[in-house]
Amino acid sequence: MNTQSDLRSVAATLVTHSGYRFTVRPVRAEDKAALGAFFALVSPEDLRFRFLSAVREVGHERLVAMTVVDHDRTENFLAFDEAEGTVIATAMLAIDPAGERGEVAISIRPDYKHRGVSWSLLEHVVRYAEGRGLKTIESIESREHHAAISLEHEMGFTAEEIDGDPTCVVLRRTLG
């Protein structure tokens, strides 16, 4: 099993249940253009939901924020297709100041959905969070995103309502 520093600094090859292989590694500042190309292919619905606003595109300032992370409270893992070398997914993890709880948001290119990338990438982030000593990991999902909710349930996450927001649910998993 990888150590925390391994997961922070090196690329890992992940293999999905269906046998699809891809590489995942932490973002680097030089990934800004590749990340911009990735978000140009993400559906408008995914963009709006992941950024919790009416975002139509991910601009320069947001790309800089996603590529220049502090690695203590924020991590952004990029998944690359091994053959093409293009970004196919991203998993952003934000850690609370106490270092006990993390919130993850995963975005997948539409043409790479249903290959097991989400499962493998979330599993990678959970291992990373456990290595960091986090006690829980959470994900906020639209109630309409049945596939993501089902996947997270299968991975041991439980769903809870969000007070004041009937459109979303928080999925939480205890780590350790």
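Residues numbered from 1 in each chain as written. Predicted model: local features only at pLDDT ≥ 70, side-chain atom pairs only at ≥ 80, totals over all residues. Heavy atoms only, no water.

Undergrad: It is not clear to me how the side chain of Glu141 should be interpreted in this structure. Could you clarify?
TA: Its location among the elements puts Glu141 in strand 6 (residues 136-142). Overall, Glu141 belongs to the buried group, its relative accessible area being 3%. At 3.0 Å, the side chain of Glu141 and the side chain of Ser139 are in polar contact. (Helix = DSSP H or I, 4+ residues; strand = E, 2+ residues; numbered from the N terminus. Buried < 20%, exposed > 50% of the residue type's maximum accessible area, 1.4 Å probe, protein only. Polar contact = N/O pair within 3.5 Å; in protein donor to acceptor, adjacent residues only side chain to side chain.)

Undergrad: Would you take a moment to explain the packing of aromatic side chains for this structure?
TA: The tally for this structure, following the rule as stated, stands at four aromatic pairs. Residues Tyr20 and Phe22 carry aromatic rings whose centres are separated by 6.0 Å and whose planes lie at 20° to one another, so their mutual orientation is stacked. On the basis of relative accessibility, which here comes to 14%, the residue Tyr20 falls in the buried class. Members of the aromatic cluster, joined through ring pairs, are Tyr20, Phe22 and Tyr112. The ring of Tyr20 has Arg115 sitting right over it, with the charged end atom 5.2 Å from the ring centre. (Phe/Tyr/Trp six-rings, centres within 6.5 Å; stacked < 30°, edge-to-face > 60°. Lys NZ or Arg CZ within 6 Å of the ring centre and 35° of its normal.)

Undergrad: Help me understand helix 2 (residues 32-41), please; the structure alone is not making it clear to me.
TA: It helps to recall that an α-helix has 3.6 residues per turn; residues three or four apart then point in one direction. Among the residues making up helix 2, those that are buried are Leu35, Phe38 and Phe39. What you see down the axis of helix 2 is that its buried residues fit within an arc of 95°, all on one side. The exposed residues of helix 2 that point more than 90 degrees off its buried face are Ala33 and Ala40. (Arc of directions from axis to C-beta.)

Undergrad: Looking at this structure, how should I read the pairing of strand 3 (residues 74-81)?
TA: Looking along a regular strand, one sees the side chains alternate between the two faces of the sheet. Counted residue by residue, strand 3 has seven buried out of eight residues, so it is predominantly covered. Here strand 3 runs beside strand 4 (residues 87-95); their pairing, made up of seven bridges, is antiparallel. In the sheet register, Asn76 faces strand 4, and the bridge partner there is Met92. Between strand 3 and the antiparallel strand that follows it, strand 4, lie five residues; Gly85 among them carries a positive phi value of about 75°. (Pairing = 2+ DSSP bridges.)

Undergrad: Got a minute to help me understand the pattern of salt bridges in this structure?
TA: When the charged atoms of two side chains lie near each other, side chains of opposite charge can form a pair. What the rule picks out here adds up to seven salt bridges. One network of salt bridges, with partners in common, ties together Arg101, Glu138, Glu160 and Arg172. (Salt bridge = Lys/Arg side-chain N within 4 Å of Asp/Glu carboxyl O.)

Undergrad: Sorry, what's going on with the nonpolar core here?
TA: One recurring pattern in soluble globular proteins is that nonpolar side chains are buried together. Judged by nonpolar contacts, the single largest core of 33 residues is most densely connected at Ile88, Leu122 and Ile137. Secondary-structure elements contributing two or more residues to this core are strand 1 (12-15), strand 2 (21-26), strand 3, strand 4, strand 5 (101-108), helix 5 (117-131), helix 6 (146-154) and strand 8 (165-174). The element that contributes the greatest number of residues to this core is helix 5, accounting for eight residues. Residues Phe38, Phe39, Phe80 and Met92 belong to the second largest nonpolar core, which totals 12 residues. (Core = buried A, V, L, I, M, F, W, Y, C linked by side-chain atoms within 4.5 Å.)

Undergrad: How should the sheet that holds strand 2 be read in this particular structure?
TA: In a beta sheet, neighbouring strands are held together by backbone hydrogen bonds and run either parallel or antiparallel to one another. Reading across from one edge, 1-2-3-4-5-6-8-7 is the order of the eight strands in this open sheet, with mixed pairing throughout. The strands lining the two open edges of the sheet, one partner per strand, are strand 1 and strand 7 (158-162). Within the sheet, the average angular offset between the axes of one strand and its neighbour, ignoring direction, is 30°. With five bridges joining them, strand 2 and strand 3 adopt antiparallel strand pairing. Residue pairing in the sheet places Val24 in a bridge with Ala79 of strand 3. The sheet strands contacting helix 2 are strand 3, strand 4 and strand 5, and the helix crosses strand 4 at an angle near 105°. Along the sheet, helix 6 makes contact with strand 6, strand 7 and strand 8, crossing strand 6 at roughly 160°. (Axes fitted to C-alpha atoms, helices over the stretch in contact; angles between N-to-C directions. Contact = heavy atoms within 4.5 Å.)

Note that all results are geometric; they support no functional claim without further evidence.
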